[in-house]
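# Fold and contact review
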There are 2 protein chains.
Amino acid sequence: MEKAVVLLSGGLDSATTLAIACNRGYECHAFSVDYGQRHRSELEAAKKLARSLGASDHKTIHIDLSAFGGSALVDKFSPVPAGGTDTGIPVTYVPARNTIMLSLALAWAEVLKSRDIFIGVNAVDYSGYPDCRPEYIAAFEQMANLATKAAIEGARLRIHAPLMEMSKAQIIRQGVVLGLDYSLTVSCYQADEAGRACGVCDSCRIRRAGFESADVPDVTRYRSWVRL
Amino acid sequence: MEKAVVLLSGGLDSATTLAIACNRGYECHAFSVDYGQRHRSELEAAKKLARSLGASDHKTIHIDLSAFGGSALVDKFSPVPAGGTDTGIPVTYVPARNTIMLSLALAWAEVLKSRDIFIGVNAVDYSGYPDCRPEYIAAFEQMANLATKAAIEGARLRIHAPLMEMSKAQIIRQGVVLGLDYSLTVSCYQADEAGRACGVCDSCRIRRAGFESADVPDVTRYRSWVRL
């Protein structure tokens, strides 16, 4: 069985990516990064998802990106955006986040002798993020193949981004087909400690719209006061 | 004044790189990564060097790469190598280390609105490390220019590796010309808490040979029992 390292935030996209990687027959090593974000309940969700989807293990690395400042998601005092997502790069952009997460995944892949890394980036719904584009993923893969002992010994490494061209609705339908329980996933920027969603932030809106257009019941656990 | 992020381990090469970046007129933001290595006195050395060389600030990010295992430098129970360095990739190789450090530097550079990152990699003395080669640095730069908000808004980012083609002797002579006090630097794989060197590990041997061939007095602080 080939090993794969799968980035798993605990959100809808990365959970679907893990379901896809498991379905393709990889022995999946799920990997989360605790980069000081405010929605820590995502990390709890990641643990449950790794178990539920049959990942062979799950590691979380802690790294405090808030030391750098610079983004709503790592700055505890910035307001969470709730004003729509169509105005260029979202303020929730975390500097170099995917580059940092892929670099860490690369380190683990080398130790595991894995040649395959999965990441749930998506160019359709999140086109404002530079590090979610196909040309970025291709450039990372090229760099990674020059970076490691394994690569120069001939093991070609691949960065898989199976959601890249999928709409949110397609992603959700794919997950449902693979038996993924989306009630375990947390997308909300300000989920409570139990992982229940606010229903109003941009991430909640995109997610809810996804369930609607997929024509799949929204199993998201909302806070009791949320009216949809 | 243009800002630069300069990777600073506390060793001889990165200290020289910081001296070069300061000399080129950058406002230097020194950056160290505590990745769970055993020579922690390097991090103390980095603090002193940043101050001594006039860096405008110095940040240390903690990240526990020992969670992944896989290398002598992050595995506390592996013997430190002392048997020469000419047998391919050293066992002290840390998986994806430069990729991780450059990714973190990239995040900080974006927050600072800096377009310049300096790293003290060197293809001559450490040719066994894949992530010290010019083609690797070029690939990282290309990826970085697709990764960030700043880059897609037109700020071309450059990864500077001023030591790339220099011998250890040339590096040391360059540092001496720039007024760098090498007694502040720590290269030893098993330095003691005060940063004093063992004199016998591969890193100590390379360093000592560098001072000899540069015809510069070796100001390294060795432990009292070291006979050279």
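Procedures and definitions
- Residues numbered from 1 in each chain as written.
- Chains lettered and ligands numbered in written order.
- Predicted model: local features only at pLDDT ≥ 70, side-chain atom pairs only at ≥ 80, totals over all residues.
- Helix = DSSP H or I, 4+ residues; strand = E, 2+ residues; numbered from the N terminus.
- Buried ≥ 20, exposed ≤ 12 C-beta atoms within 10 Å, placed from the backbone.
- Contact = placed C-beta atoms within 7 Å.
- Nonpolar A, V, L, I, M, F, W, Y, C, P; charged D, E, K, R; others polar.
- Core = buried A, V, L, I, M, F, W, Y, C linked by C-beta atoms within 7 Å.
- Least-squares fit on C-alpha atoms with pLDDT ≥ 70 in both.
- Pairing = 2+ DSSP bridges.
- Axes fitted to C-alpha atoms, helices over the stretch in contact; angles between N-to-C directions.
- UniProt positions renumbered as here; feature names shortened; annotations may be inferred.
- Right-handed = clockwise from strand over helix to strand, strands pointing away.
- Expected span 1.5 Å × (residues − 1).

This brings us to the overall build of chain A. Within chain A, the regular secondary structure consists of seven helices and five strands. Tracing chain A from N to C terminus, the helices and strands come up as β-α-β-α-β-α-β-α-α-β-α-α. Relative to its full complement of 228 residues, chain A shows a buried share of 50%. Of the contacts made within chain A by residues no fewer than 6 positions apart, 71% connect residues no fewer than 24 positions apart.

Turning to the interface of chain B and chain A, a few remarks are in order. Contacts between the two partners involve 36 residues from chain B and, on the opposite side, 36 residues from chain A. The leading source of residues in the side of chain B that touches chain A is helix H3 (residues 97–112) of chain B, at nine residues. Class assignment for the residues of the side of chain B that touches chain A results in 24 nonpolar, six polar and six charged.

Bringing unusual backbone geometry into the picture now. Positive phi, normally seen in glycine, also occurs at Lys113 of chain A, with a value near 60 degrees. On the secondary structure map, Lys113 of chain A appears in the loop between helix H3 (97–112) and strand E4 (116–118).

This brings us to the nonpolar core. Ranked by internal contacts, the top residues of the largest apolar core, which has 142 residues, are Val6, Leu18 and Ala105 of chain A together with Val6, Leu18 and Ala105 of chain B. Ignoring any residue separated from it by four or fewer positions in sequence, one finds Leu18 of chain A in contact with Val6, Leu8, Cys28, Ala30, Leu49, Leu53 and Ala55 of chain A.

The next point concerns the relation of the copies chain B and chain A. One chain copy maps onto the other through a rotation about an axis and a shift parallel to that axis. For these two chains of identical sequence, chain B goes onto chain A by a turn of 180 degrees and a shift of 0.0 Å along the axis, with RMSD 0.0 Å. Taken together, these values place the two copies in the relation of a two-fold axis. Nearest to the rotation axis, the C-alpha of Ile63 of chain B is located 2.7 Å from it, this being the minimum over chain B. A shared binding surface is used by both copies, with 100% of the interface residues of chain B retained as interface residues in chain A.

Residues and elements named next belong to chain B. Reading across from one edge, E3-E2-E1-E4-E5 is the order of the five strands in this open sheet, with parallel pairing throughout. Among the strands making up the open sheet, the edge pair consists of strand E3 (57–62) and strand E5 (158–160). Pairs of neighbouring strands in the sheet enclose a mean axial angle of 25 degrees, with direction left out of account. Contacts between helix H2 (residues 41–53) and the sheet are confined to strand E2 (27–34) and E3, with E2 contributing the most and set at about 175 degrees to the helix. Sitting on the sheet, H3 touches strand E1 (3–7), E2, E3, strand E4 (116–118) and E5, and the angle it makes with E1 is about 160 degrees.

All names here are of chain A. With numbering matched to this structure, UniProt assigns "binding site: ATP" (unreviewed entry) to Leu8, Ser9, Gly10, Gly11, Leu12, Asp13, Ser14, Ala15, Thr16, Thr17 and Leu18. Note on Gly11: 21 C-beta atoms within 10 Å, which makes it buried. Apart from residues no more than four positions distant in its own chain, Gly11 is found in contact with Glu42, Thr185, Val186 and Ser187. Relative to the assigned elements, Ser14 resides in helix H1 (residues 12–23). On the neighbour-count criterion, Ser14 (26 C-beta atoms within 10 Å) is buried. Non-local contacts of Ser14, meaning those with residues more than four positions away in its chain, are made with Leu7, Leu8, Ser9 and Gly120.

Okay, the UniProt feature "binding site: Zn(2+)" (unreviewed entry) in chain A next. Residues and elements named next belong to chain A. The feature "binding site: Zn(2+)" (unreviewed entry), as given by UniProt, occupies Cys188, Cys198, Cys201 and Cys204 in the numbering adopted here. A stretch of 17 residues holds the annotated residues, and the largest C-alpha distance among them is 7.2 Å, short enough that they meet in one place. Tracing the backbone through its elements, the reader meets Cys198 in the loop between helix H6 (168–177) and helix H7 (202–214). In this view, Cys198 contacts Cys188, Gln190, Cys204, Arg223 and Val226; residues no more than four positions away in its chain are not counted. Its place among the elements puts Cys201 in the loop between H6 and H7.

Attention shifts here to the sheet that holds E4 of chain A. All names here are of chain A. Spatially, the five strands line up as an open sheet ordered E3-E2-E1-E4-E5, and their pairing is parallel. Each of the sheet's edge strands pairs with one partner strand only, and the pair in question is strand E3 (57–62) and strand E5 (158–160). Put simply, the sheet's adjacent strands are angled 25 degrees from each other on average, direction ignored. Strand direction decides the pairing type here: strand E1 (residues 3–7) and E4, joined by three bridges, are parallel. Directly across from Val6, in E4, lies its bridge partner Phe118.

This next bit is on the pairing of strand E2 (residues 27–34) of chain A. Residues and elements named next belong to chain A. Counting buried residues in E2 gives six out of eight residues, a clear majority hidden from the surface. Relative to E2, E1 is paired through five bridges, and the arrangement is parallel. Note on E2: the bridge partner recorded for Val5 is His29. Each parallel crossover has a hand, and for E1 linked through H1 to E2 it is right-handed. Sheet topology places E2 next to E3; six bridges connect them, and they run parallel. Residue pairing for E3: Asp34 is matched across the bridge by His62.

Now for helix H1 (residues 12–23) of chain B. All names here are of chain B. With 12 residues, H1 should cover 16 Å at 1.5 Å per step; its first-to-last C-alpha distance of 17 Å lies within 8% of that length. Taken together, the buried positions of H1 are Leu12, Asp13, Ser14, Ala15, Thr16, Thr17, Leu18, Ala19, Ile20, Ala21 and Cys22. Residues of H1 that are buried sit in contact with E1, E2, H2, E4, helix H6 (168–177) and helix H7 (202–214). Phi for Gly25, located one or two positions after H1, is positive at around 95 degrees.

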